[in-house]
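# Coordinate inspection notes
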Amino acid sequence: LEADRLKMLAQLREKAIEIGDKGVRFLGMDSEQIDQVIEFASNLRQGRIELPLNDRSIELSSQVAALKSESRVDKITIERLERELYLLSQAKIESDDEVNTFKQTLE
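Quick caveat, the model's predicted, so the values are computed rather than measured. (Residues numbered from 1 in each chain as written. Predicted model: local features only at pLDDT ≥ 70, side-chain atom pairs only at ≥ 80, totals over all residues. Heavy atoms only, no water.)

## What about the overall build of the protein chain?
Secondary structure assignment for the protein chain yields four helices and zero strands. Written out in order from the N terminus, the α and β elements of the protein chain read α-α-α-α. Out of the 107 residues in the protein chain, the part that is buried amounts to 8%. Counting only carbon and sulfur atoms, one obtains 56% of the accessible surface of the protein chain, whose full area is about 9400 Å². (Helix = DSSP H or I, 4+ residues; strand = E, 2+ residues; numbered from the N terminus. Buried < 20%, exposed > 50% of the residue type's maximum accessible area, 1.4 Å probe, protein only. Areas by Shrake-Rupley, 256 points an atom, 1.4 Å probe, with all protein chains shown as cover.)

Take a look at the structure:
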């Protein structure tokens, strides 16, 4: 608990110094925006070019991951259907029974 308190005090001092020296640059920003600017600046000092994530960007990242997964499944389905179409176009099937048998063998 004491370690957390000291860490938070250090962060508070760091932010106070950054905002005090450059407070005019943050004019018109809310506290969340200022935190994001400070986090980005801190990342730059450490050699990382990473934008801070907010709730919306985390949500969008999750949606992108879900869409990519869905896309992979769709591609596999398309490939399977294309193979089935190709095989159907190559086969000379005369009756409905043969079509049903053929479909069962493909699955």
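After that view of the structure, there is still more to cover.
## A look at the layout of surface pockets
Here the largest pocket is characterised by a volume of approximately 170 Å³. What lines the largest pocket is Gln11, Glu14, Lys15, Asp35, Gln36, Ile38, Glu39, Ser42, Pro52 and Leu53. Top element by residues in the lining of the largest pocket is helix α2 (residues 31–45). It accounts for five residues. Taken together, the residues of the lining of the largest pocket break down into three nonpolar, three polar and four charged. (1 Å grid on protein atoms, 1.4 Å probe; cavity = no way out; pocket = protein on both sides within 12 Å on 5 of 7 lines; lining within 4 Å. Points joined across faces, edges and corners; volume = space filled by probe spheres on them. Nonpolar A, V, L, I, M, F, W, Y, C, P; charged D, E, K, R; others polar.)

## Observations concerning the pattern of salt bridges
Enumeration according to the criterion identifies two salt bridges in this entry. The closest approach of N and O atoms between Arg80 and Glu84, which form a salt bridge, is 2.7 Å. One end of the pair, Arg80, and the other, Glu84, are both in helix α3 (residues 55–90), four residues apart, so they sit about a helical turn from each other. For Glu84, a relative accessible area of 17% gives the class buried. (Salt bridge = Lys/Arg side-chain N within 4 Å of Asp/Glu carboxyl O.)

## Overview of the side chain of Asn43
The topology assignment puts Asn43 in helix α2. Residue classification places Asn43 among the buried positions, given a relative accessible area of 6%.

## Quick notes on α2
With 15 residues, α2 ought to run about 21 Å at 1.5 Å a step, and its terminal C-alpha atoms sit 21 Å apart, in line with that. Among all positions of α2, only Ile34, Ile38, Ser42 and Asn43 are buried. Where α2 terminates, the next one or two residues include Gly47, which has phi positive at roughly 85 degrees. (Expected span 1.5 Å × (residues − 1).)

## Comments concerning the confidence of the model for the protein chain
Per-residue pLDDT for the protein chain has a mean of 79; in total, 77% of the residues score no lower than 70. Confidence, read as mean pLDDT per element, is least for helix α4 (residues 96–106) in the protein chain (67) and greatest for α3 (88). (pLDDT = per-residue confidence, 0-100.)

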